[in-house]
Amino acid sequence: MASNSTRTTPPRPRTRGGQAPEGKGAKFANHAGAAFGGFVGSVAGGFVPPINVTVNNNKSASVPGARRHAESLLPAPEFATPAQIRNYCNSLRAAAVMLSFEVAMGAEILKAVLATVPDPNGRMGGAKIRAFKVSRKMQRAADELRNAAKLAAACYAQFQQEYEGELNAHRHRAQRPQQPRMNWGAQ
């Protein structure tokens, strides 16, 4: 059995870069960071996704009357064609539905957070009652956003109903002419 005081083989070259450790303490220090990173990963659930942050700063000169798309959830209110009316109503409906879900979730989170605040009078269930009263207003906002989505869809349906004649007249004109058919009876 060989003793640790003499080394017969030359040290192996380092493949990871950096300086070679001089002893057991340096070796431990090099691997302590990796061990700590693994510990943090296991505390966070074993999976830490990479996070990329992208910042776009586009402050360019634009037309004074036009709105940029990033500033609004809705397209510009131009109603020159039925397609623009349909696009505006669909965009309003989609935005209102999305916002209603987010506001409803916010109301639930608000209720849960406020329910943890103790009641100053010490009433049994007082914290939950107060949280419900406050979050109910936000829940009503979510309900109204859902109603806005329904009304946006109803707006386009009403437009189709009221202007059915004009819409059908343009639909018939826009159709391609029929191709001539083969008449097998005339031989």
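Side chains that are three or four residues apart share a direction in an α-helix, a result of its 3.6 residues per turn. Across its 37 residues, helix α3 (residues 126-162) extends 53 Å between first and last C-alpha, which sits within 8% of the 54 Å expected from 1.5 Å per residue. In the structure, α3 departs most strongly from a straight axis at Arg136, where the bend amounts to approximately 30 degrees. Taken as a whole, α3 has its buried residues at Gly126, Ala127, Ala131, Ser135, Ala142, Asp143, Ala149, Ala152, Tyr156 and Phe159.

Looking now at the confidence of the model for the chain. Of the residues in the chain, 59% reach a pLDDT of 70 or more, and the chain-wide mean stands at 74. The low-confidence segment residues 32-44, where pLDDT is below 50, has three contacts with residues more than four positions distant or belonging to other chains.

Let us now look at a nonpolar patch on the surface. There is a patch of nonpolar side chains on the surface, built from Leu73, Met98 and Leu99 and spanning about 250 Å² of accessible area. Take Leu99: it is sitting in helix α2 (residues 82-114). Residue classification places Leu99 among the partly exposed residues on the basis of a relative accessible area of 31%.

Bringing the nonpolar core into the picture now. Formed by Ile85, Cys89, Tyr156, Phe159 and Leu167, the largest nonpolar core amounts to five residues. When residues of this core are traced back to their parent elements, those giving at least two are α2 and α3. Leaving out residues up to four positions away in the same chain, Leu167 has contacts with Pro82, Phe159 and Gln160.

Time to look at the packing of aromatic side chains. Following the criterion strictly, the structure yields three aromatic pairs and no others. Both rings, one in Tyr156 and one in Phe159, keep their centres 5.8 Å apart while their planes meet at 35 degrees; by these two values the pair is tilted. On the criterion of helical spacing, the pair formed by Tyr156 and Phe159 is a turn pair, its members being three residues apart in helix α3. Residue Tyr156 shares its accessibility class with Phe159, and that shared class is buried.

Cut-off values and rules
- Residues numbered from 1 in each chain as written.
- Predicted model: local features only at pLDDT ≥ 70, side-chain atom pairs only at ≥ 80, totals over all residues.
- Heavy atoms only, no water.
- Helix = DSSP H or I, 4+ residues; strand = E, 2+ residues; numbered from the N terminus.
- Expected span 1.5 Å × (residues − 1).
- Bend = angle between axes of the 7 residues up to and from the residue.
- Buried < 20%, exposed > 50% of the residue type's maximum accessible area, 1.4 Å probe, protein only.
- pLDDT = per-residue confidence, 0-100.
- Contact = heavy atoms within 4.5 Å.
- Patch = residues over 30% accessible without salt bridge, like charges linked within 9 Å, V, L, I, M, F, W, Y side chains within 5 Å.
- Areas by Shrake-Rupley, 256 points an atom, 1.4 Å probe, with all protein chains shown as cover.
- Salt bridge = Lys/Arg side-chain N within 4 Å of Asp/Glu carboxyl O.
- Core = buried A, V, L, I, M, F, W, Y, C linked by side-chain atoms within 4.5 Å.
- Phe/Tyr/Trp six-rings, centres within 6.5 Å; stacked < 30°, edge-to-face > 60°.

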